[in-house]
Amino acid sequence: MGLFDKKSCAFCGASVGLLGGLSGENLAGGAYMCGDCRKKCIPAGDLNFSAMTVDTAKTLIAVAEANKKKGASEFHATRQFSSGMYADMPALDVDEGHGWFMNAAKKDGWVYALDDIYTFCLDVTTAPLAEGENYSLNLHPYPQLPVCPSGQKVIDAKLKLWLLDNELGVDILEISLIPAFSPSEEHVQSAYACAQDFYSFMKSRRMAQKQRSGR
Ligand SMILES: [Zn+2]
């Protein structure tokens with residue numbers, strides 16, 4: 001095969017030139033998957049395409065399509081977590097009936113199971129205050145959440161969810177709860193309130209599950 005040979009996608013048949021090839025994937029045995037078909041695949045970031053057969057990739061696409069279909073037709077959000085008091089920052093949409101959730105920040109349509117969350121935390125990044133800068137953030141109502149050391153300010157706050165083995169192959173979701181650009185104290189307060197809401201929700205859900213299983 002020469003450098004300028006055109007390839008065609010093993011899934012949709014689209015022919016791909018050199019540029020189009022950048023967003024696609026080379027599979028095992030010289031097969032090729034175009035960028036559009038790559039987007040239909042499950043969202044896991046660590047897929048090893050070069051070792052993957054066309055049949056394996058087809059299975060991944062089928063799983064992904066079934067998941068998205070479930071999201072579009074069966075998912076009904078009964079609870080929404082958002083850090084939206086001072087900015088439009090949706091975090092999670094939850095379907096309590098099915099025990100499912102979606103990443104509302106990303107709006108990517110993937111459905112995850114609440115039971116697949118094995119641990120979670122609010123991950124906070126801080127930086128020193130500038131000279132003369134005042135910071136009067138009141139985080140006392142949130143004893144479970146990270147403290148902001150004195151002389152520092154919160155510059156980033158993400159809700160991190162670690163997932164058990166799941167059909168989408170996603171290990172971790174990181175959901176930003178404050179705007180990336182110069183977050184105010186109000187943004188941080190709003191992020192903490194949102195994280196606290198989610199902590200309380202998960203706690204009561206787990207307690208209810210324990211009671212049901214008689215432990
Ligand atoms: Zn394709």
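It should be emphasised that the depicted structure is a prediction, and the values quoted were computed from it without experimental measurement.

Participant: Describe the sheet that holds strand β5 (residues 79-82), listing the residues and the values that go with them.
Facilitator: One open sheet holds the four strands; their spatial order is β5-β6-β7-β8, and the pairing between them is antiparallel. Every interior strand has two partners, whereas the edge strands, β5 and β8 (112-113), have only one. Pairing analysis gives four bridges linking β5 to strand β6 (residues 90-95), with the strands arranged antiparallel. By the bridge assignment, Ser 82 is partnered in β6 with Pro 90. Helix α3 (residues 185-212) contacts β5 and β6 of the sheet and is inclined by roughly 145 degrees relative to β5.

Participant: How would you explain the pairing of strand β7 (residues 100-103) if you had to name every residue and give the values?
Facilitator: The side-chain alternation of β7 yields two buried faces, one formed by Trp 100 and Met 102 and the other by Phe 101 and Asn 103. In this structure, β6 lies alongside β7, joined through four bridges in antiparallel fashion. When the sheet's bridge partners are listed, Asp 95 is paired in β7 with Trp 100. Linkage of β6 to β7, two consecutive antiparallel strands, is achieved through a turn of four residues, within which Gly 99 is found at a positive phi near 75 degrees. In this structure, β7 lies alongside β8, joined through two bridges in antiparallel fashion. Bridged to Phe 101 within β8 is Tyr 112.

Participant: Outline helix α2 (residues 54-73), listing residues and values.
Facilitator: End to end, α2 covers 28 Å across 20 residues, agreeing with the expected 28 Å (1.5 Å per residue, within 8%). Among the residues making up α2, those that are buried are Ala 57, Leu 60 and Ala 64. Viewed along the axis of α2, the buried residues span an arc of 60 degrees, placing them on a single side of the element. Opposite the buried face of α2, at more than 90 degrees from it, the exposed residues are Asp 55, Ala 62, Ala 66, Lys 69 and Ser 73.

Participant: Residues and numbers for unusual backbone geometry, please.
Facilitator: Residues other than glycine predominantly adopt negative phi, and peptide bonds predominantly adopt the trans conformation. At Lys 107, a position not held by glycine, the phi torsion is positive, near 50 degrees. Looking at the element boundaries, Lys 107 is found in the loop between β7 and β8. Given 10 C-beta atoms within a 10 Å radius, Lys 107 is considered exposed. The backbone of Ser 182 sits at a positive phi, close to 30 degrees, despite the residue not being glycine. Tracing the chain through its elements places Ser 182 in the loop between β11 (172-176) and α3.

Rules used in this analysis
- Residues numbered from 1 in each chain as written.
- Predicted model: local features only at pLDDT ≥ 70, side-chain atom pairs only at ≥ 80, totals over all residues.
- Pairing = 2+ DSSP bridges.
- Helix = DSSP H or I, 4+ residues; strand = E, 2+ residues; numbered from the N terminus.
- Contact = placed C-beta atoms within 7 Å.
- Axes fitted to C-alpha atoms, helices over the stretch in contact; angles between N-to-C directions.
- Buried ≥ 20, exposed ≤ 12 C-beta atoms within 10 Å, placed from the backbone.
- Expected span 1.5 Å × (residues − 1).
- Arc of directions from axis to C-beta.

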